[in-house]
Amino acid sequence: MASASIVNMSEASAEALANTAWACAKIHYVHEKLMESISARSVSIITEFHGQQLWNLAWSFAELFYCDYSFLQAFVFQSLANQSELGPDPLSNTAWALAVCGVHAPPLFDVISLRATALAPDLSAAALAGIAWAFASQVHRDLPLFAVVSAQALVRLKDFSSESMGNIAWALGHLLLTREQPLLLAIAAAARQQHDKLSQVDIAG
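Sequence positions are assigned chain by chain, starting from 1 and proceeding in written order. Whole-chain, interface and lining totals are the exception, using all residues; otherwise, since this is a predicted model, local features are given only for residues with pLDDT of at least 70 and side-chain atom pairs are given and counted only at 80 or more. Hydrogens are left out, water is left out, and the side-chain values use all remaining heavy atoms of the structure.

K.L.:
I keep staring at the nonpolar core and nothing clicks. Help me out?
P.N.:
Soluble globular proteins: nonpolar side chains tend toward being buried together. Working definition of a nonpolar core: buried Ala, Val, Leu, Ile, Met, Phe, Trp, Tyr and Cys residues. They are joined through side-chain atoms within 4.5 Å. For the exposure calls, accessible area comes from a 1.4 Å probe over protein chains only, and a residue counts as buried if that area is under 20% of its type's maximum, exposed if over 50%, partly exposed in between. Ile38, Phe75, Phe160 and Ile168 are the most contacted members of the largest nonpolar core, which totals 67 residues. If you tally residues by element for this core, the top one is helix H8 (residues 125–137), at nine residues. Sequence-distant contacts of Ile38, that is, excluding residues within four places in its chain, are made with Met9, Leu17, Thr20, Ala21, Leu57 and Phe61. The helix and strand labels rest on DSSP assignments: H or I over at least four residues marks a helix, E over at least two residues marks a strand, and numbering proceeds from the N terminus. In what follows, a contact means two residues having at least one pair of non-hydrogen atoms within 4.5 Å.

Structure follows, in structure tokens:
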């Protein structure tokens, strides 16, 4: 089946490429030759991708730890061209994909920062944490962005999972953002409460 898909990829549309990669990522199916074929075809028709197709493709590759830098260069170029389409979910997924593949793309990170700042109230807790983690992973020390992320996290901390709180705490510590100490203290307090609840459950059991 994969061999047939590889042959078909040479003429595949942007939608077909994005959907095929997404399906593989969802079931964690890694086929090197198929990924190479999807990537090569994607680079050749990169301007035909709509925003969501493009960002789904990048997320899928990153989810499978497939990092083709020819594709990633084209991806950054086209993402900048489509930046007005960057909504809440693509913002987080794009930043995460770039960070996973270790792509240093300051112009695109700057765009993500501006869009995330404008859309912050609409970003989920996981998205805020994911963006913080991605920026810290790339050592992109964007103080205005982290101020907005921290303000949102303080207000909505109850919506954050332990993993999301951990990702934000790590990001702030990694970038030495001591000005965000109120959030770090709030995360520490929430972690202690969670620990106490688990301890009470263990005692009761």
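K.L.:
Please explain the pattern of salt bridges as it appears in this structure.
P.N.:
Where charged atoms of side chains with opposite charge meet at close range, the side chains can pair. The working definition used for a salt bridge is a side-chain nitrogen of Lys or Arg within 4 Å of a carboxyl oxygen of Asp or Glu. One pass over the structure, following the stated rule, counts one salt bridge. Lys33 serves as the salt-bridge partner of Glu36, at 3.9 Å between the closest nitrogen and oxygen. Taken together, the positions of Glu36 and Lys33, both in helix H3 (residues 32–44) and three residues apart, correspond to about one turn of that helix. Here Lys33 falls in the exposed class, since its relative accessible area comes to 53%.

K.L.:
Any chance you could explain the packing of aromatic side chains here in plain terms?
P.N.:
Aromatic rings in a pair are described by how distant their centres are and how their planes are angled relative to each other. Note on aromatic pairs: the rings of Phe, Tyr and Trp (six-membered ring only in Trp) are paired at centre separations within 6.5 Å, and the planes decide the class, stacked below 30 degrees, edge-to-face beyond 60, tilted for the rest. Inspection of the entire model under this criterion finds four aromatic pairs. Linked through ring pairs, Phe61, Tyr66, Phe71 and Phe75 together constitute an aromatic cluster.

K.L.:
Quick question: what am I supposed to make of unusual backbone geometry here?
P.N.:
Note: most peptide bonds trans; most residues except glycine with negative phi. A positive phi is found at His28, a non-glycine position, where the angle reads about 55 degrees. Here His28 is to be found in the loop between helix H2 (14–26) and H3. According to the relative accessible area criterion, His28 is exposed, its value standing at 53%. The residue Val139 is not glycine, and still its phi comes out positive at about 50 degrees. Along the chain, the position of Val139 falls in the loop between H8 and helix H9 (143–155). Judged by its relative accessible area of 58%, Val139 falls in the exposed class.

K.L.:
Even after reading the chapter, I still don't get the side chain of Gln53, so can you show me in this structure?
P.N.:
Note on placement: Gln53 falls in helix H4 (residues 51–63). Each polar contact in these results corresponds to two N or O atoms within 3.5 Å; when the atoms are within protein, one needs to be able to donate a hydrogen and the other to accept it, and residues that are neighboring in sequence are counted only if both atoms are side-chain atoms. Of note is the side chain of Gln53, whose polar atom sits 3.1 Å from the backbone nitrogen of His50. Filtering out sequence-adjacent residues up to four positions away, Gln53 remains in contact with Ala14, Glu15, Ala18 and Glu48.

K.L.:
In this structure, what is going on with the environment of Glu36? I would like to understand it.
P.N.:
A relative accessible area of 34% places Glu36 in the partly exposed class. A sequence separation of 35 residues divides Glu36 from Phe71, and the C-alpha atoms of the two residues are 9.7 Å apart.

K.L.:
Would you mind showing me how to read the state of the cysteines here?
P.N.:
Covalent bonding between the sulfur atoms of two cysteines defines a disulfide. Any two cysteine sulfur atoms within 2.5 Å of one another count as a disulfide. Applying the stated criterion across every chain, the model contains one disulfide. Shown here is the disulfide that connects Cys67 with Cys101, its sulfur atoms set 2.1 Å apart. Since a negative S-S torsion denotes a left-handed disulfide, the Cys67-Cys101 link at about -80 degrees is left-handed. Here Cys67 is found in the loop between H4 and helix H5 (69–81), whereas its partner Cys101 is found in the loop between helix H6 (88–100) and helix H7 (106–119), with 34 residues between them in sequence. For Cys101, a relative accessible area of 5% corresponds to the buried category.

K.L.:
Before we go on, may I ask you to explain H6 in this structure?
P.N.:
An α-helical segment advances 3.6 residues per turn. Residues three or four places apart therefore align on the same side. In this model, H6 (13 residues) spans 19 Å end to end at C-alpha, consistent with the 18 Å of a helix rising 1.5 Å per residue. For H6, the complete set of buried residues consists of Pro90, Leu91, Ser92, Thr94, Ala95, Ala97, Leu98 and Ala99. On the buried face of H6, the contacting elements are H4, H5, H7 and H8. One or two positions beyond H6, positive phi appears at Gly102, with a value near 65 degrees. What a helix should span is 1.5 Å times the count of its residues minus one.

K.L.:
What exactly am I supposed to notice about H5 here?
P.N.:
A rise of 1.5 Å per residue sets the reference length of H5, with its 13 residues, at 18 Å; its end C-alpha atoms lie 18 Å apart and thus fit the reference within 8%. Here H5 has its buried residues at Phe71, Leu72, Ala74, Phe75, Val76, Gln78 and Ser79. Buried residues in H5 make contact with H3, H4, H6 and H7. Two or three places before Ser70, at the start of H5, stands the capping residue Asp68, its side-chain oxygen 2.9 Å from that residue's backbone nitrogen.

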